[in-house]
Amino acid sequence: MASPKTVCYLSVLLVFCSSLEKQDCLETPNVTSEESPTDGSQVPSGEKREVTATLIEKVGEVELDVYNIPLEDIHYLKFHVKSVTYPILISSVLNVTDMNITTECSSDPSAFRCRCEDQYSWSCDQCSSYGSCGEIVDGKIRGCLNNYPSDGKFCQPITNPSPTTTAEPSTTYGEIIEIELDMTDISATLIDVLRASVSGLTYPVLISNVLSVTEVNFTTACYPNNTCRCEDQYGWSCDQCLSYGSCDNITDDSCGCIKAIPSYGPFCQPITNLTACTTPSPTPENTLNLQFTMAITFDSNFNDENNAMFKDIDQTIKVIYKRNMRGFISAKLNRFKSGSVIADFTVITTIVNNVEIAKAKEDIVSTLGEKYKIRFTCLNNTIFGSGQVNEIVVADCKLDEVGQKTAICQENGHFSVRENNCVLKEIENLFFLSQALVGTGLPVFLERLRNSTFNLLGRIVASPATISTIVNILKNVANVSRSTPINKPLMKNFLETAGVLTSNGAKASWVDLNKNLNKNESSAFLGTIETLSNFLTDDFFDIETPRIILNKTTVNNSINNLFNLNSSVLIDIPASEASFNSITIITFDSLDNVLPARNSSSLNNSVISVNTINGKVVLVKVNGTIKNVTFSFDVLDKKLANPQCVFWNFNLFDGLGGWDDKGCELQSEKNATVTCHCNHLTSFSILMSPSIPAVFRALEFITYIGVGISMGCLVVCLIIEMLVWNAVTGNNTSYMRHVSIVNIAVSLLIADIWFIIGGAISENEKKDLAACSTATFFIHFFYLALFFWMLVSGLLLLYWTVMVFSHMSKPAMLAISFSLGYGAPLIIAVITIAVTAPGKQYIRDNDGVCWLNWTESKALLAFVIPALTIVVINLLILIVVLFKMLRRGVRDVTQPDERNALVVIARCLAILTPFFGTTWGLGVGTMTTPNNLGIHIVFAIFNSLQGLFILVFGTLLDKKIREALTGRSQVSSNRTKTTSAATSSSGGLGFFRIRRRNVFNVSAAPTSGPTGAS
């Protein structure tokens, strides 16, 4: 029976043979074959030719896993492999000529090593890759690796030395080696002896015939207190001094001691090798001004820095923001202010991260919320998180976007986005590529741009910031086109990209962009297309995209050239003008989504205009000049009227761009077609505005005529008051009644004058913003004064009716009346213009009328609310007075000589208050429902009658005024029948009473006392 050792040995041979077969190493050494002669003759049967095969030698490698084999058996195997007699015949075609064990791999508790047998070694590359663990065994150096070779290449035979040749000069290599010695248990004396011995050696010290040590120096000494000091002529690098901290003075180059033991080198270096410290660039600091609101009552003592609440909140802010924010430098509570209690604080940091800020804000609420009643109104928004009312929150964009978006928390618990600067990363990357774009890269770049805009269409058109970035990309492409001819494929990709930006889905984004009067994105967009059209190749071609059509064609110099563009625009160029041979026409199907309808007469350069682009926009370019061209546009909205023939002027409004009619004029408008004639070429279209019916135009004239009549009545009223003043102001009640009616008339008269001035400014083609705002201010102020003087009359009536036995002096009544009559309107008017004018929302800009804005700022409410409130108050006063009079009788309410004045005041209030209220209620209706013809007509009538009503009910229906006027007339005609009248105390006119028998008594006006007219 074979021993286990023999079985193991045979197993090695079998495995070796199997390995050779798998490596296709078996070759047939002798082959007998039948071979035909090359000359075509037959070889006799039975005659054979022997062919000797080539012997092939192959080296095979066998790897055995001997993990579970005892070490004794392994040594036995090694011995038998070395003692076998070779060759060993395996088969008729295979012999084993030699077998050697090359490599032994084993593991121990410290490492895994692979060692080479005698006459075998690892290659230099493997020693470098896996790490050498070479050691001396039995007086010989054995090759050793610190790992198992993953490439399967084991130890290789050490080749015999080559024959002796002429030795070439050897190369000397210098290497610096650092050795770290642990001397924890060695006394300082022994260390000094070692240092002295090393310094006293004579160098070089020969280690072998190829290795010598030229110098040894102590460089660094590290101590148990975690400091490391350098020896003489050595130092730490500047970076290490700054990183670990210096324990001596830092020079320009280095320090000699650091407060740490480096976990890995380098250690102290020669001073001559150290470079000077570089001045680090300062890290930019960001100051964040933040706040939160507490629902507690404000107390000025809160702002005392020694106050317990101040200290608590200040310390909490420091701790929370330091914990949550990288780059935190400092935080400080600045102050508390009223509005519940608002805590203003500042955080200084080198890194601004919106997520970290939101987390810190949530920590503030969770830490201080219960104690100081801090609550979020907007909760857990997926983008902006949580926030308090009126808090402005900044959030990062989506992962595939760059930029930020800003929102404000509203009282309804929702965030309202105020600014969105998010740009798709793909578009941002294309923008950076476009900045370095050259002509040769245009085809690939425009293809990628076109594909990206189509793939991301929905998100692009909804993002104003992304649209703006694409416009900048197109501008860069246009700049490159100046040196690179644009062929049909390039232009098609460009137009398809541009077409995405003109789609209906992008309209809202363009409205936002056009509101920014500091940027001209829409004008720049059209400019890029005009630029590219100048650099097209000389060949003629047509390009049709879903939204833009381009046609480049020839021109016939002998006949008129008609170009019918998609049956919507017809261009007629006379033969006499065809001094060029090619024309490029680009028709935009929806450029009205991009370009605003502002023109040279737009008020305040506003992007909101009463006009509308009501035809296709067409761009025409020729390689020459032209001074006579006719355009026929099909109107898009047949309900609009008042066509204007315009072109896009890039220089209008200080480079913002707008529609201009210079050089273009309207020829005809019929059958829904507008024909224009122009003397130049660029981008053309037509502007139209809502049709104004003839009756509305008539109403304008009626309004102006009515205002004129009203002003005439007011002038007559004031003249009458001047003539009878001294005769009818004999007591305080009459005096204040006439003061009120005079100021009512003056306020309405001046308001009407400014109304006409404002109308003239509005009709002017070149509107003056400052003049229109001035007119609006004074119209607002004096119309308010009219109502407040009506309120003064009502309050006086209430005072004299209710406070029968209370008497206020005349100066006091005048002071109160003028303060209320003019002071309150002035305050309201000033606040209105101060709040709305900075945002250019003070006056109406959608129709050019000089009056308070309604659509954007609701500034009109600053007139409507006070006016209607006064109407209600005066009506309530009338009810109270009427109740008093009916209950006690007018004779019991006042003195007899004051009854007439009170009756006149009550009558004026009863008629004028509802009249004025109705008039301006209709005025508001004309603005909220501008197309309601009935409201316009009634308002025009009531507005015209305001002055007339004041004249009739405030002046002419007063019996005392009529008596004074009649008496003055009789005195003038019968001067010889009268006696001289005494002069009143105020130097006024005589007072005349009409007697039953028509006999005129002439008497002097009293100088004092309660008697007299009212």
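Residues numbered from 1 in each chain as written. Predicted model: local features only at pLDDT ≥ 70, side-chain atom pairs only at ≥ 80, totals over all residues. Heavy atoms only, no water.

## Observations regarding the overall build of the protein chain
Of regular secondary structure, the protein chain possesses 24 helices and 43 strands. Among the 1014 residues that make up the protein chain, the fraction classed as buried is 42%. The long-range share in the protein chain, meaning contacts at least 24 apart out of those at least 6 apart in sequence, stands at 66%. Here the protein chain displays about 56,000 Å² of accessible surface, and carbon together with sulfur accounts for 55% of that area. (Helix = DSSP H or I, 4+ residues; strand = E, 2+ residues; numbered from the N terminus. Buried < 20%, exposed > 50% of the residue type's maximum accessible area, 1.4 Å probe, protein only. Contact = heavy atoms within 4.5 Å. Areas by Shrake-Rupley, 256 points an atom, 1.4 Å probe, with all protein chains shown as cover.)

## So, the sheet that holds strand β5 (residues 103-107)
Read across the open sheet, the three strands follow the order β5-β6-β10; overall the sheet is antiparallel. Each of the sheet's edge strands pairs with one partner strand only, and the pair in question is β5 and β10 (144-145). Sheet topology places β5 next to strand β6 (residues 112-116); five bridges connect them, and they run antiparallel. Directly across from Ser106, in β6, lies its bridge partner Arg113. (Pairing = 2+ DSSP bridges.)

## Some words on the packing of aromatic side chains
Evaluation of the coordinates by the stated rule reveals 24 aromatic pairs. Put simply, the rings of Trp754, Phe777, Phe778, Phe781, Phe782, Trp789, Phe818 and Tyr822 pair up and form one aromatic cluster. Of note, Arg450 hangs over the ring of Phe454, and the distance from its end group to the ring centre comes to 4.2 Å. (Phe/Tyr/Trp six-rings, centres within 6.5 Å; stacked < 30°, edge-to-face > 60°. Lys NZ or Arg CZ within 6 Å of the ring centre and 35° of its normal.)

## As for the pattern of salt bridges
Side chains that differ in charge, positive against negative, can pair when their charged atoms come close. The full count for this structure, using the stated rule, is 15 salt bridges. With its nearest N and O atoms 3.4 Å apart, the salt bridge here joins Asp344 to Lys337. Residue Arg448 pairs with Glu426 through a salt bridge whose shortest N-O separation is 3.1 Å. A residue pair is termed long-range when its members are at least 10 positions apart, and Arg448 in helix α9 (residues 442-455) and Glu426 in helix α8 (residues 425-435) qualify at 22 residues. (Salt bridge = Lys/Arg side-chain N within 4 Å of Asp/Glu carboxyl O.)

## Some words on a nonpolar patch on the surface
Side chains of Val62, Leu64, Val66 and Ile69 sit close together on the surface and give an oily, nonpolar patch of about 250 Å² of accessible area. Tracing the backbone shows Val66 in the loop between β2 (49-52) and α2 (71-83). By relative accessible area, which is 31% here, Val66 ends up partly exposed. (Patch = residues over 30% accessible without salt bridge, like charges linked within 9 Å, V, L, I, M, F, W, Y side chains within 5 Å.)

## Structural notes on the sheet that holds strand β20 (residues 328-338)
Spatially, the three strands line up as an open sheet ordered β19-β21-β20, and their pairing is antiparallel. Each edge of the open sheet is held by one strand with a lone partner, namely β19 (286-294) and β20. Going across the sheet, the axis of each strand differs from the next one's by a mean of 20°, ignoring polarity. Taken together, the nine bridges between β20 and strand β21 (residues 341-349) define a ladder with antiparallel strand orientation. Opposite Leu333, over in β21, you have Phe345 as the bridge partner. (Axes fitted to C-alpha atoms, helices over the stretch in contact; angles between N-to-C directions.)

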